[in-house]
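These are the residues of each chain, in order.
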Amino acid sequence: MTASNPLHITDTILRDAHQSLLATRMSTGDMLPIADKLERVGYYSAEMWGGATFDSAMRFLQEDPWERVKVLRERMPTTKFQMLLRGQNILGYRHYADDIVEKFVQLSINAGMDIFRIFDALNDVRNMAWAIKCVKKYGGTVQGSFCYTLSPVHTLDSFVNTAQELKELGADTICIKDMAALCTPYAAAELVTRLKNEVGLPVQFHTHDTSGFSMASIIKAAEAGVDIVDTAISSIGGGTAQPPTEAVVATFQGTARDTGMDLVLLSEIAAYFRQVRAEHLPRFETGINASDIRVLLYQMPGGMLSNLVDQLRQQNASDKWEAVLEELPRVREDLGFPPLVTPTSQIVGTQAVLNVVMGERYKIISNEVREYCRGMYGTPPAPLNPDVVKMAIGDQEVITVRPGDLVEPGWEQAKEEIGDLAQSEEDIMSYALFPQQAREFFELRRAGRAAPITEPRIFAREAKPVAKIAIAPSTAVAPAPGKPEAASANVSLWRTSGRVG
C-alpha cells in the first residue's frame, strides 16, 4: 500500500535526544560511523544542532561545533539538517545584538543548515522577528515555533494567534513545541486541526515522553493531519526524550499515513546507538522515573528535571526534592506563567531552589529574576506578582521595547577581543556567543590538545561546576532589598549542562 498522505519524521537523536538523556555529551565522533545509514533511512530532517549542543561541544567535548555541521553534511549530503534557534537569544541565555543574530544565521546556512526552528521562551514574537527575517534573507527554511504550556492564560486561541503572527512574519512551517510533555492526545488533535484550518501552514509536532502519553498524542495529531512529528531512535529515545522512531513507524505501516521508512534499517541504527548509550550511561544517566504524570502539575521539561536532580545531589539537598517540586509552580505563577524552557526554566528553577534552601521565599533573588522583572527577556504571558517585582527591582522602570533594541552591535568588538586566537569568522561567532568557553577551546586548540572531530569521546575532561551561584551580593544572586545577607551556600543551577530546548 502506498500512503496517500505520509507522515514525515524528524529524528532528534543527534540533538534533543542526547541532550535530554545524556547531558548533551554525544560527540561528533559518535555520530559519524552511523551517518551513512541516517542518510539512507529517509527522514524528513535530522535535528542535529542548536539548543545546548553548541557550547557543550567546546565546554565538555573539546571540539569545534561548526565542524560538526560540516563533517556530517559531507556524510549526509541530501538529508535536511535542522537546528533549534532561541530567537534573539540564538543559543545562549540573553539577548544578542541584531548583527550577531544575522551573522550567526548566515554562517550556519553556509555550513550546511537548512531548517531553523525558531522559538522564544515567552512566546514573544518580537524576540523571533529578526531571526526569522535573517533566515529568509539567506535562503533557509523558517519553522516558527510556539512553546506549548498550561496556565490560565495559555489557550488554544492564544497558540493559534501566535502561529498566525509567525506566519505573517514569514514562517514556512509551524511547530508545536511541547517541551514538557503536556500536550495530551485530544488537545493535540484539536490544536493541530485548528492550526491546519486557520493558519494553513504545514504543522510539526514536537513532544517528549516524560508523561507517558506521547505516542497517543502523536497518533491523534496524525489523525488530525499533522505533517511532521519528532521522534528519537529507541535506544536513545522515550522517557525525557522523544517517543521511539520505530514505534511511530510501525504504528502507521499499512495506513494512509505510512512513513515509508524501513524498520530493518532503523533497527540497525538503534543497535548502534544502544552501544553509544551504554558507554555514556555510568556517567550521565540520572536514574529518574521515565514516565511521571506529575509533569502536568509541575510542567518541568526533561532537561530541567534531570538538572535539578543532579544539582540537589551536589548540594546534599536531595531530601528537598519534593519541596522544590511544590515551589516551582508558585514561582512560575509569581513570574506570570512563563513556559518552562531555556532560559525561563533556569530562571524559575533556580529561584525555586533558592526559596526552599534558604527557608524563606525570595530572601535571595537571582539577578536573572531581577532582569526578568525589568522586562529584559520580553513580555511575560501574564502580569507578575507586584510584591515580587517590588522585592526584585524596587522602583526601577520596566522596559516595554523589544529587548534586542537595547543591545549594542557586537561583531566588531568580539573580533577585536578574540584577536588572532580566532582562525575564522565561525571562531569569532563562537566567542561572541560564549566568550569563556570559546577562549578556553581556542587556547586548547593552539596547544594542539583539541580533540579530532572524528574521535568518539564520552567526555573530554571530568565535568566541573560551571558558573556556580554562590549566595552572596557579588555573585549571580543577591539579597532582596531590605533583607540581610544569607549564609554562604552554592546553588549551581544556572547555565549548567541540563538546559532545555
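The present account deals with the structure reproduced in this document. In this text, all values refer to a predicted model and were calculated from it rather than measured experimentally. (Residues numbered from 1 in each chain as written. Predicted model: local features only at pLDDT ≥ 70, side-chain atom pairs only at ≥ 80, totals over all residues. Heavy atoms only, no water.)

Moving on, we come to the packing of aromatic side chains. Ring pairs (aromatic) are described by centroid distance and by the angle formed between their planes. The final tally for this structure, using the stated rule, is 13 aromatic pairs. Here the aromatic cluster, defined as three or more aromatic residues joined through ring pairs, consists of W49, F54, W66, Y93, F104 and F434. Geometry around F119 places K177 over its ring, the cationic atom sitting 4.9 Å from the centre. (Phe/Tyr/Trp six-rings, centres within 6.5 Å; stacked < 30°, edge-to-face > 60°. Lys NZ or Arg CZ within 6 Å of the ring centre and 35° of its normal.)

The next subject is the pattern of salt bridges. Per the stated rule, a full pass over the model turns up 25 salt bridges. In this structure, K137 and E102 form a salt bridge, with 2.7 Å as the shortest nitrogen-oxygen distance. Remark: E102 occurs in helix α6 (residues 98-111) and K137 occurs in helix α7 (residues 126-137); sequence separation between them is 35 residues. Classification of E102 as buried rests on a relative accessible area of 18%. Bridged by salt links that share partners, the residues E327, R330, D334 and R361 form one connected network. (Salt bridge = Lys/Arg side-chain N within 4 Å of Asp/Glu carboxyl O. Helix = DSSP H or I, 4+ residues; strand = E, 2+ residues; numbered from the N terminus. Buried < 20%, exposed > 50% of the residue type's maximum accessible area, 1.4 Å probe, protein only.)

So, about the side chain of D55. For D55, the position within the fold is in helix α4 (residues 53-59). On the accessibility criterion, D55 (0% relative accessible area) is buried.

Strand order in the closed barrel made by the 8 strands is β1-β2-β3-β4-β5-β6-β7-β8, with parallel pairing throughout. Averaged over all neighbouring strand pairs, the angle between strand axes comes to 30°, with direction disregarded. Across 4 bridges, strand β6 (residues 173-177) lies against strand β7 (residues 203-206) in parallel orientation. Bridged to I176 within β7 is F205. (Pairing = 2+ DSSP bridges. Axes fitted to C-alpha atoms, helices over the stretch in contact; angles between N-to-C directions.)

Moving on to the packing of helix α15 (residues 321-334) against helix α16 (residues 344-358). One can describe the packing of α15 onto α16 by two numbers: an axis separation of 8 Å at closest approach and a directional angle of 120°. Considered as vectors, α15 and α16 are oriented oblique to each other. In this structure, α15 meets α16 at a crossing whose hand is right-handed. From α15, A323, V324, E327, L328, V331 and R332 reach across to α16, where they touch V348, G349, Q351, A352, V353, N355 and V356. Of the residues assigned to the contact of α15 with α16, the class counts are 8 nonpolar, 3 polar and 2 charged. (Parallel < 35°, antiparallel > 145°, perpendicular 65-115°, else oblique. Left-handed = near helix turned anticlockwise from the far one by under 90°. Contact = heavy atoms within 4.5 Å. Nonpolar A, V, L, I, M, F, W, Y, C, P; charged D, E, K, R; others polar.)

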